[in-house]
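# Working through the structure, step by step
Residues per chain, in single letters:
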Amino acid sequence: MKYSTLGRLSLVAGLAVAVLATRPATGEAQNAIIRGAVRSDNGEPIGGATVFIAELSVQAATSEAGQYVITVPGERTRGQQLQLRVRAIGYRPSSRPVTLTAGTQTVDFALAADVNRLEEIVVTGVLEGTEQAKVPFAVSRVDMADVPVTPMDPLRLLAGRVPGANITSFNGRPGASPDVVLRGPHSINASGRSQGPLYIVDGTIITGSLPDLNPADIDNVEVVKGAAASSLYGARGGNGVIAITTRSGRRAADGMSFNARTEYGRSDIERDFGIARNTALIMDSRDERFCRNLGGFCTATVDWATEAARINNEPGDVALSAASLAFDPGASTTPVTLRNNYQAQLFPGRVYNAVEQAVTNNELLQSNVDATGRFGSTQFFASGSYLRQAGALRFVEGFSRYTGRLNVDQRIASAWTLALRSYFSRSSEDLNSPDFFRLTRAPAIVNTMQRDTLGRLYVRPNIQASGLQNENPLYVAENLSAINYNKRFLGDLTLRYAPLSWLDMEGQFAYDYANGTREDFQDKGYRSTQLAAVANGSFLGQPYLGYAASRENNAQSYNTGLNVNMRRSFGRDISTRWTLRYAYDQQDNDARFGDGTTLNAVGVRTLNNASVRNSITSSFSSIRGTSFSAGANAEIKERYILDAAIRREGSSLFGSDSRWSTFGRVSLAWRLSHEPWWFGSGLINDLKLRGSYGTAGGRPQFNAQYETFTVGSGGINFGALGNRNLRPEKTFDTEVGLDAELLHRVGVNLTYDVSETRDQIQSVIAPADKGFGTQWQNIGTLQNKTWELSVNVPVIQRRDVSWSMRFSYDRTRTMITKLGIPPQTFGTGATNAGATFQLRQGEAYGTFYGAKFLTSCSELPDHTAIGGPDFRTQCGTPTSQFQVNDEGFVVWTGGYGVGEGITRNLWTTQLGTIGTTNANAPWGRPIFWGMPITVRDSVCIRIPSASCPTLQTAVGHALPNWNFSITQTFNWRRLSVYGLLQGVMGRDVWNEGAHWAHLDLLSHDVDQAGKSVETSKPIGYYWRGGPPINASGVGGFYDALAANSKFVEDASFAKLRELAVSYNFGPVGGVGNWTASLVGRNLFTITNYTGFDPEVGATGGLGNSGLIGAVDSFTFPNTRSLTFGLSTSF
Amino acid sequence: MRRLTSTISLLILAAAVGCKDQLVVENVNNPDRDRALARPTDVENLVAGQFRVLNNAMWSTGGIQPQLGVMGMESFSTNANFGMGVRSGVPRALVDNSRGNPADTYTTWLALNQAARAEALALSKLNQLSFTFFPASEAQRQRDRAFAYFAMGMAQGWVAMMFDSGPVITPNDDLEAPNLMVGYDSLMRVALVALDTAIAAAKLTPAGANGFPIPNSTAWIPTPAAFSLTGGAAGNFVRLVRSYQARFRAGVARTPAERGAVNWAAVIADAQNGVTADFQVIMNNVSGGWFYNPMQASTFQSWHQEWQLMVGMADTSGGYDTWLGTARQNKVPFVVLTRDTRFPTGLTRPAQNAASGCTTGTTCVPPAGNYFRNRLAGQDVAVDGLFFSYYDFQRFQAYFDANQNGTLPQIARSELDLLMAEGYIRTGNFPLAMTQINISRGAHGLPALVGFATINDLIPGTGCIPRVPVGVRSAAPDTPTATACGNIMEAMKWEKRLETAFISPGAWYFDARGWGDLPFNTPVQFPVPYTELDSRGEAIYSVPTTVAGAILGTAVERLTNSSSNYGLGTP
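Residues numbered from 1 in each chain as written. Chains lettered and ligands numbered in written order. Predicted model: local features only at pLDDT ≥ 70, side-chain atom pairs only at ≥ 80, totals over all residues. Heavy atoms only, no water.

## A closer look at the state of the cysteines
Filter applied, for reference: Working definition: a disulfide is two cysteine sulfur atoms within 2.5 Å of each other. In DSSP terms, a helix is any run of H or I states spanning at least four residues, a strand is any run of E spanning at least two, and both are numbered starting from the N terminus. Only protein chains enter the calculation, and the probe is 1.4 Å; a residue is then buried if its accessible area is under 20% of its type maximum, exposed if over 50%, and partly exposed in between.
According to the stated counting rule, one finds two disulfides over all chains in the structure shown. Residue pairing for Cys-857 of chain A: its cysteine sulfur links by disulfide to Cys-875 of chain A, the two sulfurs lying 1.9 Å apart. On the sign convention where negative is left-handed, the bridge of Cys-857 of chain A and Cys-875 of chain A, at about -60 degrees about the S-S bond, is left-handed. Taken as a pair, Cys-857 of chain A in the loop between β46 (847-850) and β47 (882-884) and Cys-875 of chain A in the loop between β46 and β47 lie far apart in primary sequence, 18 residues in all. By the burial criterion, Cys-857 of chain A is buried, and Cys-875 of chain A matches it. Residue Cys-464 of chain B pairs covalently with Cys-485 of chain B via a disulfide, S to S 1.9 Å. The S-S bond linking Cys-464 of chain B to Cys-485 of chain B shows a torsion near -90 degrees; that makes this disulfide left-handed. Of the two residues, Cys-464 of chain B is situated in the loop between α17 (430-443) and β7 (467-469) and Cys-485 of chain B in strand β8 (residues 483-485); the sequence distance between them amounts to 21 residues. Neither residue differs from the other here; Cys-464 of chain B and Cys-485 of chain B are each classed as buried.

As structure tokens, this is what we get:
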């Protein structure tokens, strides 16, 4: 019998309901009522505390005045002795014995502060809700109550708050989601999938990213970083788990309360790029007009503005051709010219900065309204929000989002509860933006805001050669449209049945639906810089003919499961918990795309308008998984905690012969401070040692297991060789740590973790005779070693004044301990970044490889073994052949002073002949006076005809050495000040933007005005004439557009991530409880990095994470913002 | 409680049963081989397209062909592109097969093996009697089988020609098991068996529609009316297959000894029964997907020029002797004065420029029948005097001027004539050899050979063509200092070179290694590309330069049973 998928879901859900419906008969009797107050130990009422009787699964929340009432139905009131317990965020829990009898009794509580949240309940990674103090592995938890600055999305919330969580906002475009890597990457090849963790929102396993979630809805976020802790999530848990719990009415008192908050401000970009202010173009004797490239002397000139107006005022769709300029970097230039010219001339007239012209202060508006309440046995939370994040760039709409949420908890009967979580969002995201590449390619004389006589922005304000590169990015931003519309629904229905004090069951059905549509439109008549056919990004054909594209993606996922939890105690000292779980999940995706060019009519955005249809594609996939889990937890004498879990999991993503895998863990915690003999309670009042060993995994992308042919209009072609044995990557994780509280105040968490992800899923080249070029195989091991430390210091805790600070630190080393395939390069999705990193066994993952410019005499070669000189002995003195110049680079000087290049006319001299080998030059290659020298393969000298390439050496590392954050929270009466400083240290970034700007002489590095004769350098020092690899090269840092030691920069930074100053006015006119706040995000950055923002990266490539893809490739920099917020509750 | 326990058990059982097949998800985006080749027409499409794959692989700019051209002295370029620079120099460099080497041959290797595998997969279907076309046609099945074996044999034959070893690919392979790698001679035997099988299938005369001839279309092989595969049922197809067999049988030899041991009777028989006129294909670079793009035949200056050493053999002015007698560093090009009409006429360079149709720019429009041009002086790219000449190959300029659209020969009838000639020479039948050689000599203004009775007889007269360097066979090409009139073998070789230049990929190289004419230390074959070795977990090796003479490299006979047909059966 073959079931349909929905049929199976129905079967499971039906059976679950059937099981849960087998409830015992009930009778009528008088209720027991328990009421009372919950206060802090200094007498302040505690609102939102939960008072409950676990054995009966009944609970109530305290009102703002700290009052509560619990009603136990009469049929469950038998005079039994029970524990009445209370919990509140930030306080230690308490319990009092009560005898349950008909009638009313009063029980009050006074709770002590729990500054380190040792008693807080965590639910992620554990068999069931467990106090933090008893969890045998690291689970980080962030309560929104502790977050004064509402983040733009739920992931940025974690930045700086969870040690070991790398949150990289690699793209500042509004709506872009940050990349998350917990501890370190776990996959060598994550293409087609993610290095990110598994996301769970209220029990719903999320498909894809989280930008659609309203952060104001969040109650708390729990982060499980290690595979041992996440083993319950099997092959989806290898990268860790982030579980988000949204707010509910569970802690609501009777009645209804409202919160409203709005925040308005402006965003901009903090830093600039460093555009050149000088030019190397040849001008007339008055330095006003530019010489034309007519050969010989400067016999004809053009005025830049006049020429720009001439070519742009053409009423047609294509700008006219510009007069060619003498010595135009956009055109070819000879090596001799490069060594004879200096970029020391200021542009005539007014100068601009294209980036500054593009940046504008756009608005940021975030409003949220919610209601929380309880009516009888119904508790609810409802919210609505609007976010408009316009970013900081002209002509860009930015990101806007509407959300709505309804969470309901309903007690159906005494043993039954139903929880509904539902969420809907609708967002639009402008994917268009001024191209930062072209913004940084606009020389200072270019006015990108200049409009022609018809009111159009100049399409080509730069009259230099290389037409398309000179397209005005602001013209593009104004005239192109690329909008993404997203709709999302999340729903979770959980039915809980607790018939016995030692038994409860949960049936759950969760649903996630995401719909995304994208429309691209380039109207007929869009102007072009040149007539020739060009590929304008993805816009094919002649730009002025128009282009339209439409795509839609749908993703639906379901997950359903049944939990059975049992508890049993053995005597007074041993209590145990047992869990059985069955789960099924399914994810269905479909996508379709169509585009066309040569539009028939202006302004019609439908594909019907395209007279030339380019492509029509679609795809469908379904992923299904099922699992059986069992777990046991034993607590002995409240100080020895043993925990074990096992999960047997099947997934449709694995090969047909390896569909099922087993994961599991064993954990141990020892609460030393609870030992009778503990001697240090005065200093260390709480100390727990913990250790875990376990496994979790990573899944392949959908296509990986299948034998495939590719299909297209050209017929069929070989795709990939299938692999019936493809199985999950498996992370074997060992985590040890301690949690301590010192002096009843200072909290310390220290964790050391070693994980090895074996059976890496990698695409390998199949033997050619198979026909299929590649095959996904399990091969290789990636290892992470991590240290994490967090310290919480409540410096002052008084009734009117409090000051606390929190410090966190983490460092991770990620090594390829077994590659299993030949060493190879990989890159990112960034432009021209295809071979940026190298994979080698024994190498740190994310290591940049590229040319190394000599900075030390010791890096010169020793050729004595092949009968040549030891160049190291010819270096370092003022008369040496090789010297270190004023920028720290070893250059050949021929024995002259390193500053005598101009005075002795040495810049055009060289050692050796171009195109031949020379035994007197390092590595046998010709080098040029004063120019940077690259390290080469020393073997080449022995093979004269070999190309003698530049040696590719490790020149940096994309993953940070360590991260830190410091949080300060200060409260004085009604005033609160909060700040979060986050730092990333030892992370290198390939500054491709600056690198490329050297090619076009558009980096301020190339400007020589103001330099001395001794330190001035010709443009060839920065540019190239064929890279030094090439026979005709002159040297130059541009070299080739690939990572090198000059442009792989230290991008360490410390960023004032959040700053909030707020004041609580209390009721205004007797209404509400008003708070005003001033909030800054990303206000300033301390760094030596020369690009826009050191927090940068590119996805794509094998790493497929902005953290690993540390390439600064003209992405939208992160914005900083300053906003004013007003909130109230009533 | 019992009821509860029972229900839970039932639930788990139901879930376990239910999940038995729920994890089986079909990939509806990309088919596997069963779905890709489910219908006979799908199989036929795959079969038909592979000859085009082979054509494009062998003529690709980025493939191995540019290296073969410069190694065989068919072309010269120091440009690093496509491995030309590193292969052009003399003394020769080793074949560096290390990872990431700039002269990687994997692209060609992959394309050839993929084509063979595609046909093998198709044959695994076509070889089943029950694999029925609609309407049912055994003729169509056999036609497709024949073509599949033809392309499969071609693919493996090319691998055997170029690489020291290669995998045997058959329709019966288990793709999950490693394939045998065998030495080039064994692999060529497999290829010839496949080609024999193609002939056998073509000669069957079953009933049904859509049998032979092979469709004349871009999907199969687009040919002009002058040589249409539609013209003669299976006959022309068989002639085509035998033509390639003749080329492969002779060309696979690595050394003069191996060339001498070739089964020349079989070569003669194949050539005799090969195509009766040039086998031409209509290339269509724009929409047809048929590419002919050896840039040496279209892009000049630093990308290509002819070796003075080679074109000098046509010279009758004495310039060649002078040039040979000049030290390498002092050699300068000279104007080749010759009666060979494949060269431009004229006694001076300007005269030859004009005869080549060169006016300005780099494009010349040589008259029909000219294979070479004398370029304008301003377009010279001065290189080492050993290579520097005034001449570029330009026989197919009209094709390139037409944006790489047009008809090009892929097997010249003259190639077969000259293969027969070589066979006759090697078997001592000089009269028939002269007859075959004189066909092309006569067509290009050269006097007929007469009266040759031994291999030592030389072409008479001071204006003999070709004049050949003395001693070039066994020494570096800059060693000879004098010339002599060629013997009948040299006459055959001259014709063979000129008639096959840029018609058969690597034609000069494959012949020269068997004739012993390659420059000293020129590798005579390529190692299996490092990418393939990596994929098989085998050690990477390169071809060394430390042994004297043209070298075999590290050819390995990996299978002791070298007479096996590797499961292909007897045709």
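## Some remarks on a nonpolar patch on the surface
Residue and element names in this part refer to chain A. Rules: Residues with no salt bridge and a relative accessible area higher than 30% make up the patches, which join like charges within 9 Å and nonpolar side chains (Val, Leu, Ile, Met, Phe, Trp, Tyr) within 5 Å. Methods summary: accessible areas were calculated by the Shrake-Rupley approach with a probe of 1.4 Å, and residue burial reflects only the protein chains presented. Note on definitions: salt bridges are taken to be side-chain nitrogens of Lys or Arg within 4 Å of carboxyl oxygens of Asp or Glu.
A contiguous nonpolar surface patch, about 420 Å² in accessible area, is contributed by Val-1061, Leu-1078, Leu-1122, Phe-1124 and Leu-1126. The element that contributes the greatest number of residues to the nonpolar patch is strand β59 (residues 1119-1129), accounting for three residues. Position of Leu-1122 relative to the elements: it lies in strand β59.

## Some remarks on the side chain of Gln-701 of chain A
Residue and element names in this part refer to chain A. Heads up, the rule is: Two N or O atoms form a polar contact when they lie within 3.5 Å of each other; inside protein one atom must be a possible hydrogen donor and the other a possible acceptor, and for residues adjacent in sequence the pair counts only when both atoms belong to side chains. Contact criterion: two residues are considered in contact whenever any of their non-hydrogen atoms come within 4.5 Å of each other.
When you line up the elements, Gln-701 lands in the loop between β34 (684-698) and β35 (709-712). Polar side-chain contacts of Gln-701 include one of 3.0 Å to the backbone oxygen of Ser-191. Not counting the four nearest positions on each side in its chain, Gln-701 is found in contact with Ser-191, Gly-192, Arg-193, Leu-653 and Trp-776.

## Topic: the environment of Cys-857 of chain A
The exposure class of Cys-857 of chain A is buried, given its relative accessible area of 18%. Those residues within four positions of Cys-857 of chain A in sequence are excluded, and the remaining contacts are Arg-872, Cys-875, Gly-876 and Val-890 of chain A.

## Here's the deal with the packing of helix α7 (residues 138-162) of chain B against helix α8 (residues 184-203) of chain B
Residue and element names in this part refer to chain B. Applied cut-off: To define axes, lines are fitted to C-alpha atoms, for helices over the stretch in contact only, and angles between the resulting N-to-C directions are given on a 0 to 180 degree scale. Under this scheme an angle from 65 to 115 degrees is roughly perpendicular, one under 35 degrees roughly parallel, and one over 145 degrees roughly antiparallel; angles in between are oblique. Working rule for handedness: look at the near helix, and if it is turned counterclockwise from the far one by less than a right angle, call the crossing left-handed; if clockwise, right-handed. Gly counts as polar in this scheme, as do all residues outside two lists: the nonpolar Ala, Val, Leu, Ile, Met, Phe, Trp, Tyr, Cys and Pro, and the charged Asp, Glu, Lys and Arg.
Running from amino to carboxyl end, α7 crosses α8 at an angle of 160 degrees, the nearest separation of the two axes being 7 Å. One way to sum up the angle between α7 and α8 is to call them roughly antiparallel. Relative to α8, the crossing made by α7 is left-handed. Broken down by class, the residue content of the contact of α7 with α8 amounts to 18 nonpolar, five polar and one charged.

## Structural notes on helix α18 (residues 488-500) of chain B
All names here are of chain B. Put simply, the test is: Between the first and last residue of a helix there are one fewer steps than residues, each counted as 1.5 Å, and that sum is the expected span.
Taking 1.5 Å of rise per residue, the 13 residues of α18 would be expected to cover 18 Å, and the 18 Å separating its terminal C-alpha atoms lies within 8% of that figure. Here α18 lies mainly inside the structure; 13 of its 13 residues are buried. For α18, the N-terminal cap is Asn-487; the gap from its side-chain oxygen to the backbone nitrogen of Met-489 is 3.0 Å. One or two positions beyond α18, positive phi appears at Phe-502, with a value near 60 degrees.

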